[in-house]
Amino acid sequence: MSTQVSNTQSESTANPSAQLDVLGDDCARTILTATSEAPKTAKELTNRTDSSSATVYRRINNLLESDLLAECVRFDDDGSHTTAYEATVDVLRVRIDADGIDVVISDAGD
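Residues numbered from 1 in each chain as written. Predicted model: local features only at pLDDT ≥ 70, side-chain atom pairs only at ≥ 80, totals over all residues. Heavy atoms only, no water.

Describe the packing of helix α2 (residues 26–37) against helix α4 (residues 53–65), listing the residues and the values that go with them.
Orientation of α2 relative to α4, taken along the N-to-C sense of each, is 70 degrees, at an axis distance of 9 Å. Considering the angle they form, α2 stands roughly perpendicular to α4. Of the residues in α4, those touching α2 at Cys27, Ala28 and Ile31 are Thr55, Val56, Arg59, Ile60 and Leu63. Classifying every residue of the contact of α2 with α4 by side-chain character gives six nonpolar, one polar and one charged. (Axes fitted to C-alpha atoms, helices over the stretch in contact; angles between N-to-C directions. Helix = DSSP H or I, 4+ residues; strand = E, 2+ residues; numbered from the N terminus. Parallel < 35°, antiparallel > 145°, perpendicular 65-115°, else oblique. Contact = heavy atoms within 4.5 Å. Nonpolar A, V, L, I, M, F, W, Y, C, P; charged D, E, K, R; others polar.)

Put into structure tokens, the structure is as follows:
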């Protein structure tokens, strides 16, 4: 089985408040943790959480919109393929000062 990553967004549109809001949800944190290990399908993520598939899909969309998750295509040896999701972040730093809140996200390559 091989994985090709195809990011769904070409430029960052997330704002720090939205990213922090997304991370306030236990299901979203579970998804982010699971997808940091390896790309996972929505079905695999539903099995990892105590949430319904509808809730998992909503959290996936929130994570995608916040640039914390990327969509990929996973190809199986038999030629079939499925959509999977993978974390785009290894490190998340939050700085709070007089100017407000700043969220800095980096991956292993940064």
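How would you sum up the pairing of strand β5 (residues 100–106)? Please name residues and give values.
In terms of strand pairing, strand β4 (residues 91–97) meets β5 through seven bridges, oriented antiparallel. When the bridges of β5 are listed, Leu92 appears paired with Ile105. Two successive antiparallel strands, β4 and β5, enclose a turn made up of two residues. (Pairing = 2+ DSSP bridges.)

Tell me about the nonpolar core, residues and numbers included.
The biggest cluster of nonpolar side chains holds 18 residues, and the ones touching the most others in it are Ile31, Leu45, Ile60, Leu63, Leu68, Leu69 and Tyr85. No other element matches the five residues that α2 contributes to this core. Those residues in contact with Leu69 that lie beyond four places of it in its chain are Ile31, Thr35, Ile60, Leu63, Leu64, Tyr85, Glu86, Ala87 and Thr88. (Core = buried A, V, L, I, M, F, W, Y, C linked by side-chain atoms within 4.5 Å. Buried < 20%, exposed > 50% of the residue type's maximum accessible area, 1.4 Å probe, protein only.)

So, to be careful, I would describe these as geometric facts and stop short of saying anything about function.
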